[in-house]
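The chain contents come next:
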Amino acid sequence: MVGYDPEAKCVSTVEAAAAGSASGLVTRVLVSPLDVLKIRFQLQIEQLSSRNPTAKYHSILQAVQRIFREEGLGAFWKGHVPAQFLSVGYGAVQFMAFESLTELVHNVTPYSARGSFVHLVCGGLAACTATVAVQPVDTLRTRFAAQGEPKIYPNLRHAVVKMYQTEGPLTFYRGLTPTLVAIFPYAGLQFFFYNILQQFSEWVIPAEAKKGGNIKNLVCGSCAGIISKTLTYPLDVVKKRLQVGGFEHARAAFGQVRTYRGFLDCMRQIRREEGPGGFFKGLSPSLLKAACSTGLVFFWYELFCSLLCALKSPDSTGRKGG
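First things first, this report covers the structure right here in the doc. Small disclaimer: the values here were computed from a predicted structure and weren't measured.

**Things to note about the overall build of the chain**
Argument step 1. If you tally the helices and strands in the chain, you get 9 helices and 0 strands.
Argument step 2. Its helices and strands in sequence order give the chain the pattern α-α-α-α-α-α-α-α-α, from N to C terminus.
Argument step 3. Within the chain, the proportion of its 322 residues that are buried is 52%.
Argument step 4. For the chain, long-range pairs separated by at least 24 residues make up 79% of all intrachain contacts whose partners lie at least 6 apart in sequence.
Argument step 5. When the accessible area of the chain is evaluated, it comes to approximately 14,400 Å², of which 67% is carbon and sulfur surface.

Okay, structure coming up:
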């Protein structure tokens, strides 16, 4: 299972980072189209409804058709290069920090490293550490996914130079406050529910029938992703709105644009102009993405850890749940 386990420890911290990077890379390729849809929906001021003639996007199917027609198939992987840097870096730091923190808990506290509450706290702290490390890349990814045609940033190097020259170095950390506020409970709840669901599955499924552990990891991860994303989604919307601040001219083709003075001002404007539903724009593709990405991340991470264990010791049964 994910996290430090003194009875089945066969993966070092460095190997956990490598497995986290690999799982992030593979997952990002598969879920990028859903991420683009989610970002487009989150940034749209107009109501996501076919009854609103000024709204560019109405539904998942309509958005897919329109993006494909107007921008081509490659649009679903806009910002993929910075997104891959994000996924690889985030996966490495998050799982390395999580393994280290759970091991620290085991060594210096009376709490069990396998406890759900420990996974909640350590998962949140690990995600915050990873977020600070990759926030500039996340901002770049959001800019690329959000821009229309003609493109403001033709490539990654141009984007970095132009943003630095015109907006200053702090622009790469736009939205960091709501990101950290959102990521601690989101990631913490992911690890928390993944741990609970894994324990539940072990209780429900008889020992002699425990086969297909990888599929179980995928299902538990997907369910954990859906629950945690639903509970923390409004903060993700605010983060995305703040990340495109100073970028309003590139958003003109998508409809109305707004300028926000900060976290609280953004929340006030969304509530006043778009109502409570404004905080849940893009929830459908986001839940679909959360189910796929979280399930796949845990699936690939557990699988890569098991492979590393097997490579080091062919007779080893690997990590539990792998």
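**A few points about the pattern of salt bridges**
Argument step 1. Across all of its chains, the model carries 16 salt bridges by this definition.
Argument step 2. The partner of Lys 78 in a salt bridge is Glu 71, with the nearest N and O atoms 2.6 Å apart. Considered together, Lys 78 and Glu 71 belong to a single accessibility category, that of buried residues.
Argument step 3. The residue Lys 239 makes a salt bridge to Asp 138 at a minimum N-O spacing of 3.3 Å. Of this pair, Lys 239 sits in helix H7 (residues 213–243) while Asp 138 is found in helix H4 (residues 116–146), placing the two residues 101 residues apart along the sequence.

**A few points about the side chain of Glu 99**
Argument step 1. The residue Glu 99 is located in helix H3 (residues 80–108) in this model.
Argument step 2. By relative accessible area, which is 1% here, Glu 99 ends up buried.
Argument step 3. In terms of polar contacts, Glu 99 uses its side chain to reach the side chain of Tyr 301, at 2.8 Å.

**Looking at empty space enclosed by the protein**
Argument step 1. Applying the stated criterion across every chain, the model contains 4 cavities of 30 Å³ or more.
Argument step 2. Taken as a whole, the largest cavity spans an internal volume of roughly 770 Å³.
Argument step 3. Around the largest cavity, the lining is made up of 40 residues, and of these Arg 28, Tyr 90, Ile 183, Tyr 186 and Lys 289 lie nearest the centre.
Argument step 4. Listing elements by their share of the lining of the largest cavity, those giving two or more residues are helix H1 (13–43), H3, H4, helix H6 (176–204), H7 and helix H9 (283–312).
Argument step 5. In terms of residues, the lining of the largest cavity owes the most to one element, H6, which gives 8 residues.
Argument step 6. For the lining of the largest cavity, a count of residues per class yields 16 nonpolar, 15 polar and 9 charged.

**Considerations on the nonpolar core**
Argument step 1. Val 2 and Tyr 301 are the most contacted members of the largest nonpolar core, which has 22 residues in total.
Argument step 2. Where this core is concerned, the elements lending two or more residues are H1, H3, H4, H6, H7 and H9.
Argument step 3. Not counting chain neighbours up to four residues away, the residues in contact with Tyr 301 comprise Val 2, Ala 16, Ala 19, Gly 20, Ser 23, Phe 95 and Glu 99.
Argument step 4. Core analysis: the next-biggest nonpolar cluster, separate from the first, contains 10 residues, Ala 130, Val 134, Ala 187 and Ala 290 among them.

**Some points on the packing of H6 against H7**
Argument step 1. With their axes 8 Å apart at the nearest point, H6 and H7 run at an angle of 165° to one another. Classified by the angle between their axes, H6 and H7 sit roughly antiparallel to one another. Two packed elements cross with a definite hand, and for H6 against H7 that hand is right-handed.
Argument step 2. Of the residues that constitute the contact of H6 with H7, the class distribution is 17 nonpolar, 9 polar and 4 charged.

**So, the environment of Tyr 164**
Argument step 1. Relative to the helices and strands, Tyr 164 resides in helix H5 (residues 156–167).
Argument step 2. Those residues in contact with Tyr 164 that lie beyond four places of it in its chain are Pro 169 and Phe 172.

What counts, and at which threshold
Residues numbered from 1 in each chain as written. Predicted model: local features only at pLDDT ≥ 70, side-chain atom pairs only at ≥ 80, totals over all residues. Heavy atoms only, no water. Helix = DSSP H or I, 4+ residues; strand = E, 2+ residues; numbered from the N terminus. Buried < 20%, exposed > 50% of the residue type's maximum accessible area, 1.4 Å probe, protein only. Contact = heavy atoms within 4.5 Å. Areas by Shrake-Rupley, 256 points an atom, 1.4 Å probe, with all protein chains shown as cover. Salt bridge = Lys/Arg side-chain N within 4 Å of Asp/Glu carboxyl O. Polar contact = N/O pair within 3.5 Å; in protein donor to acceptor, adjacent residues only side chain to side chain. 1 Å grid on protein atoms, 1.4 Å probe; cavity = no way out; pocket = protein on both sides within 12 Å on 5 of 7 lines; lining within 4 Å. Points joined across faces, edges and corners; volume = space filled by probe spheres on them. Nonpolar A, V, L, I, M, F, W, Y, C, P; charged D, E, K, R; others polar. Core = buried A, V, L, I, M, F, W, Y, C linked by side-chain atoms within 4.5 Å. Axes fitted to C-alpha atoms, helices over the stretch in contact; angles between N-to-C directions. Parallel < 35°, antiparallel > 145°, perpendicular 65-115°, else oblique. Left-handed = near helix turned anticlockwise from the far one by under 90°.

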